[in-house]
Amino acid sequence: MIEFKHVFKRFSTGHDALKGITFEIDSDEMVFLTGHSGAGKSTLLKLITLVERATRGSVTVNGADLVNLPRRRIPYHRRNIGVVYQDHKLLNDRTVFDNVALPLIVSGVPHGELSRRVRAALDKVNLLGKERLYPLALSGGEQQRVGIARAVVNRPSILLADEPTGNLDPELSEEIMDLFYIFNQHNVTVLIATHDLQLLARYGKRVLQLYEGQLIDGFKYHPQQ
Amino acid sequence: MKYLARHFQVFIHTLGNIFRHPLPTLLTVAVLGITLALPIGLYLLTHNLKMVSSEWQGQPKATVYLKKQATDQDVARLENWLATQRSWIAQVQFVEADEALEEFKVMSGLGKALDVLDQNPLPNMFILHMPETLPVAEYQPQLLQLEEDESVDQLKYDLEWVQRLQAILKLAEYTVWMIAGLLGLGALLIISNTMRLSIANKSDEIIIINRVGGTNTFIRRPFLYSGFIQGILGALLAWGLIKTGMNWLNAPVEHLAELYASDYQLAGLPLPVEIGIFLSGGLLGWLASWITVSLHLSKLNPSK
Ligand SMILES: Nc1ncnc2c1ncn2[C@@H]1O[C@H](COP(=O)(O)OP(=O)(O)OP(=O)(O)O)[C@@H](O)[C@H]1O
Ligand SMILES: [Mg+2]
């Protein structure tokens, strides 16, 4: 499903953010990605959505070789991947409904199906009553759930999250993480970058640990075993 | 059909946005309108200058007033002599005294009032047209010689100043075209910059749509529509400003023309130019949006 082989990422500043990363994530897996600040977590996720390209090595997602994916195919590639951000990245001048509908509008989903699917996504994150509100009228946890609804509304096969609980208190964090867990139960591959070691320990999932751009103990690290 | 429907939807949506947030649009349109109006105004100025100067016959001419007592034979002799002077006279016109009086009646508007004169005060005359390009010095001696002729009363000519006026008008026309060209270029830059600002405000929207899989075409579309609509509105404003300005100037220009016994009227915008204003307004808005959004987008996607 997601496969990295000897992946290097050097930024134009000359900084090597990733140095020889190799791992594989199967479909239906849920994996955590941890590491100190600046270890390269966000960079790794960006390689999967092709916001950045690997400098060397190969990245394969859903069987597609991303190194050679032409630029004009990138939008279609992204429609297959849902992404949740720490700062939500919601449009504050659009309603909750319109925010969640964005990925569907972009893919040209017809109007009737669109509202049905937006409601279904909002239902999954428990926000069905708030579709007419604007993001700034919601709490931090609710805004993050809107971000999650937008990430899953297109029924992607992969769900990525970059520190989705970074701004939330422990209780809300757990709630959000549970949501990801449920999506994974419904056959979505989930990869979550997080600092919160206590939280990820609860789920007993595989953990990829980055240290200065390299994986340590990559495959084998299972906190509960 | 589905494709058209989607375009229509974006168009309506864009219009809706403009009505919901009219202030930024109004500001952009005002900037566009004024920057477009300046070169158009200058164009009108040259256009009118050209018309005025062509109304003043460009050719240098001289009027030869004959003495009252000059006989038909004298006239014939002069006519024959003038016919041999083809090297500096392009055209000779003989105007009989009666003919001249009739013309004066019409031109002066005095009409029948002049009938009270018991004799025609005007003499017979020759009107000589000289080639425009010939330097005055080339034929000045011949003119002086003509003035000395026993049948010639006096000779009136407007020579150098006509040529000088022509040269000055030519210079003015070139200058004005140059300024109009610079203003046109300035308009393009100002429009691009205004568009860049309005797109910078939407930078979040562009990034998010890009991240959820919107193609560049999809992202560009509403900006192109709003650029086009703003361009057309800007052109409309420019057009309105020009029309208002013309209405304002019309009365004083007519008054001035009257003082010069001319029925000159301000020349308005020719239809092709009017159409051109709207087309170029729309095109400029569209183009400026395309360039600015594309520049913005090229930073969002990794190269290759
Ligand atoms: N666009 C960029 N240009 C240059 N250097 C960058 C760029 N993006 C990230 N980096 C550098 O790459 C390294 C890895 O950054 P990254 O954002 O992946 O870290 P991270 O693990 O997500 O950290 P954090 O936990 O603080 O979010 C950092 O040293 C960062 O400064
Ligand atoms: Mg990060």
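In short, a report on the structure.

Rules used throughout
- Residues numbered from 1 in each chain as written.
- Chains lettered and ligands numbered in written order.
- Predicted model: local features only at pLDDT ≥ 70, side-chain atom pairs only at ≥ 80, totals over all residues.
- Heavy atoms only, no water.
- Helix = DSSP H or I, 4+ residues; strand = E, 2+ residues; numbered from the N terminus.
- Rg over C-alpha atoms; globule rule 2.2 N^0.38 Å.
- Areas by Shrake-Rupley, 256 points an atom, 1.4 Å probe, with all protein chains shown as cover.
- Lys, Arg positive; Asp, Glu negative; His and termini not counted.
- Charge placed at Lys NZ, Arg CZ, Asp CG, Glu CD.
- Expected span 1.5 Å × (residues − 1).
- Buried < 20%, exposed > 50% of the residue type's maximum accessible area, 1.4 Å probe, protein only.
- Arc of directions from axis to C-beta.
- Near = heavy atom within 4 Å.
- Polar contact = N/O pair within 3.5 Å; in protein donor to acceptor, adjacent residues only side chain to side chain.
- Nonpolar A, V, L, I, M, F, W, Y, C, P; charged D, E, K, R; others polar.
- Core = buried A, V, L, I, M, F, W, Y, C linked by side-chain atoms within 4.5 Å.
- Contact = heavy atoms within 4.5 Å.
- Patch = residues over 30% accessible without salt bridge, like charges linked within 9 Å, V, L, I, M, F, W, Y side chains within 5 Å.
- Salt bridge = Lys/Arg side-chain N within 4 Å of Asp/Glu carboxyl O.
- Pairing = 2+ DSSP bridges.
- Axes fitted to C-alpha atoms, helices over the stretch in contact; angles between N-to-C directions.
- Phe/Tyr/Trp six-rings, centres within 6.5 Å; stacked < 30°, edge-to-face > 60°.
- Lys NZ or Arg CZ within 6 Å of the ring centre and 35° of its normal.

### Focus on the overall build of chain B
Step number 1: When you go through chain B residue by residue, the secondary structure sums to nine helices and four strands.
Step number 2: Secondary structure elements of chain B, listed N to C terminal, follow the sequence α-α-β-α-β-α-β-α-β-α-α-α-α.
Step number 3: By the compact-globule yardstick of 19 Å for 304 residues, chain B is too spread out, its C-alpha radius of gyration being 32 Å.
Step number 4: Oriented by its inertia axes, the alpha-carbon framework of chain B measures out at about 100 × 45 × 35 Å.
Step number 5: Carbon and sulfur atoms provide 64% of the accessible area of chain B, an area that totals close to 18400 Å².
Step number 6: Considering chain B, the positive charge centre built from 22 side chains and the negative charge centre built from 27 side chains are found 29 Å apart.

### So, helix 4 (residues 111–124) of chain A
All names here are of chain A.
Step number 1: Compared with an ideal rise of 1.5 Å per residue, which puts 14 residues at 20 Å, helix 4 spans 20 Å between its outermost C-alpha atoms and is within 8% of the ideal.
Step number 2: Among the residues of helix 4, Leu114, Ser115, Arg117, Val118, Ala121 and Leu122 are the ones counted as buried. Take helix 4 and look down its axis: the buried residues cluster within an arc of 165 degrees, on one side only. Away from the buried face of helix 4 by more than 90 degrees, exposed residues Gly112 and Arg116 are located.
Step number 3: Two residues or fewer after helix 4 comes Asn126, characterised by a positive phi angle close to 65 degrees.

### A few points about the site of ligand 1
All names here are of chain A.
Step number 1: Residues in close proximity to ligand 1 total 14 residues, the closest being Ser37, Gly38, Lys41, Ser42 and Thr43.
Step number 2: One nitrogen or oxygen atom from the side chain of His195 is found 3.4 Å from an oxygen atom belonging to ligand 1.
Step number 3: For ligand 1, whose unbound accessible area comes to 630 Å², protein coverage reaches 65%.
Step number 4: It is helix 1 (residues 41–49) that provides the largest number of residues to the shell around ligand 1, a total of three residues.
Step number 5: Per-class residue counts for the shell around ligand 1 are three nonpolar, nine polar and two charged.

### What about the nonpolar core?
All names here are of chain A.
Step number 1: Judged by nonpolar contacts, the single largest core of 38 residues is most densely connected at Phe32, Val100, Val118, Ile148, Leu159, Phe180 and Ile192.
Step number 2: With residues near it in sequence (within four places) discarded, Ile192 still touches Met30, Val31, Phe32, Leu33, Ala161, Pro164, Met177 and Phe180.
Step number 3: Phe4, Ile25, Ile81 and Leu160 belong to the second-largest nonpolar core, a separate cluster that totals 29 residues.

### Some details on a negative patch on the surface
Residues and elements named next belong to chain B.
Step number 1: On the surface, a cluster of negative charge is made up of Asp72, Glu96, Asp98, Glu99 and Glu103.
Step number 2: No other element matches the three residues that helix 4 (residues 97–108) contributes to the negative patch.
Step number 3: Along the chain, the position of Glu96 falls in the loop between strand 2 (91–95) and helix 4.

### Some points on the environment of Leu269 of chain B
Residue and element names in this part refer to chain B.
Step number 1: Of note, Leu269 is situated in the loop between helix 8 (216–259) and helix 9 (271–298).
Step number 2: For Leu269, a relative accessible area of 12% gives the class buried.
Step number 3: Separated by 30 residues in sequence, Leu269 and Lys299 place their C-alpha atoms 43 Å apart.

### Some details on the sheet that holds strand 9 (residues 206–211) of chain A
Residue and element names in this part refer to chain A.
Step number 1: What the six strands build is an open sheet, ordered 6-7-8-3-9-10; its pairing is mixed. At either end of the open sheet lies a strand with only one pairing partner, and these are strand 6 (81–85) and strand 10 (214–216). Shown here is a sheet whose adjacent strand axes are inclined to one another by a mean of 25 degrees, direction ignored.
Step number 2: Strand contacts of helix 5 (residues 140–152): strand 6 and strand 7 (158–162), with the helix running at about 170 degrees to strand 6, the strand carrying the most contacts.

### Comments concerning the packing of aromatic side chains
Residues and elements named next belong to chain A.
Step number 1: Under the defined criterion, the tally for this structure stands at six aromatic pairs over all chains.
Step number 2: On the basis of an interplanar angle of 20 degrees and a centroid distance of 4.7 Å, the ring pair of Phe4 and Phe23 is categorised as stacked. Taken together, the residues span a long stretch of sequence, with Phe4 in strand 1 (residues 2–10) and Phe23 in strand 2 (residues 16–25) at a distance of 19 residues.
Step number 3: Geometrically, the ring pair formed by Tyr181 and Tyr203 is tilted, given 5.6 Å between the ring centres and 40 degrees between the ring planes. One end of the pair, Tyr181, is in helix 6 (residues 170–185); the other, Tyr203, is in the loop between helix 7 (197–201) and strand 9, with 22 residues separating them in the sequence.
Step number 4: In this structure Tyr181 comes out as partly exposed when scored by relative accessible area, which is 29%.
Step number 5: Taken together through their ring pairs, the aromatic side chains of Phe32, Tyr181 and Tyr203 make up a single cluster.
Step number 6: Stacked on the ring of Phe97, the Lys or Arg Arg132 has its end atom at 5.6 Å from the ring centre.

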